Amino acid sequence: MRTPLRSSLGRGVLGAVATGALVFSLAACASTSDSESNNTAPTHPVNQTREPGPGESLLPQASIPDLSNGVDTQVAVDASFVEALTTLGLTPGVVGTATFTDGTFSFPITGGHVDYFGPDSEIRPYVQGEIDHDGSGLSLTAGSTAVELSDFRIDPGESKLYGTVTANGQVVAEDAYLFTLWGGTLKPLEVVDGNAVLEGTTVHVSPDAAELLNETFGTDAVQDEMLVGVAKITAATE
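Residues numbered from 1 in each chain as written. Predicted model: local features only at pLDDT ≥ 70, side-chain atom pairs only at ≥ 80, totals over all residues. Heavy atoms only, no water.

Trainee: Now, about the overall build of the protein: what can you tell me, with residues and values included?
Mentor: Across its full length, the protein holds four helices and 14 strands. Here the protein holds 238 residues, and 53% of them are scored as buried. Partitioning the intrachain contacts of the protein with sequence separation of at least 6 by distance along the chain shows that 68% fall at a separation of at least 24. (Helix = DSSP H or I, 4+ residues; strand = E, 2+ residues; numbered from the N terminus. Buried < 20%, exposed > 50% of the residue type's maximum accessible area, 1.4 Å probe, protein only. Contact = heavy atoms within 4.5 Å.)

Right, here's the structure in full:
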């Protein structure tokens, strides 16, 4: 179900994208420096694959086998992205269980799993697993053309968010690379009401999503790495 919102909204789809942040919060192992290093651009060493050395432990420092206890990934939409949507004549909306309140999108966490080896480990990527947000997403509409981005899946090791793309009711791509997550402005871990909270990771349009949206809406204005907003992850620790 696609629920239109007023045009002043943003497309915070990648809120869910604060992937590295979520991993640290769930593992309750994050420090400021750990968080900053984990969720930066995809070229960061966290994403460089290597085999463990002789005698090196294969066991993670923390393992979260089931993320179905929630809670959600939020994205506070940046004003520059709202302006870009307005210029393009695109009207954003929410899909399924997603919500939009006071300029922030929220996408419930529905499942997944995470293994955390830590930045001091020789194992790369040192955060592995996935974070699922089934049944929610966002939409972009211009005239008779409507695109929905939904069922987000975050890959912490890649600092990328994937999802299903639907155009006018037809699925055109599944598990498509939609957003990139950068963690240079990530704040220290907080615990609020028993939940781990991390915020500050910025969400950016991926090159694949920029190409798809430009082709679909007949424009060249959607830029690779365009800022969408700032993500906040709230995850149940029990």
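There is more to say, and it comes next.
Trainee: Tell me about helix H3 (residues 79-88), and name the residues and values.
Mentor: Of the positions making up H3, those classed as buried are Phe81, Val82 and Leu85. One side of H3 holds all its buried residues, which, seen down the axis, span an arc of 105 degrees. Facing away from the buried side of H3 by over 90 degrees, the exposed positions are Ala79, Glu83, Thr86 and Thr87. Once H3 ends, the next one or two residues include Gly89, with phi positive near 75 degrees. (Arc of directions from axis to C-beta.)

Trainee: How would you summarise the nonpolar core if you had to cite specific residues and measurements?
Mentor: Among the nonpolar cores identified, the biggest contains 44 residues, and Phe81, Leu149, Val165, Leu178, Phe179, Val203 and Val205 are the most heavily contacted of them. When residues in this core are grouped by element, the largest group, five residues, is from strand S11 (residues 170-182). (Core = buried A, V, L, I, M, F, W, Y, C linked by side-chain atoms within 4.5 Å.)

Trainee: Break down the environment of Pro156 for me, citing the residues and quoting the values.
Mentor: Relative to the helices and strands, Pro156 is located in the loop between strand S9 (145-155) and strand S10 (160-167). For Pro156, a relative accessible area of 0% corresponds to the buried category. Distance from Pro156 to Tyr116, taken between C-alpha atoms, is 9.9 Å for residues 40 residues apart in sequence.

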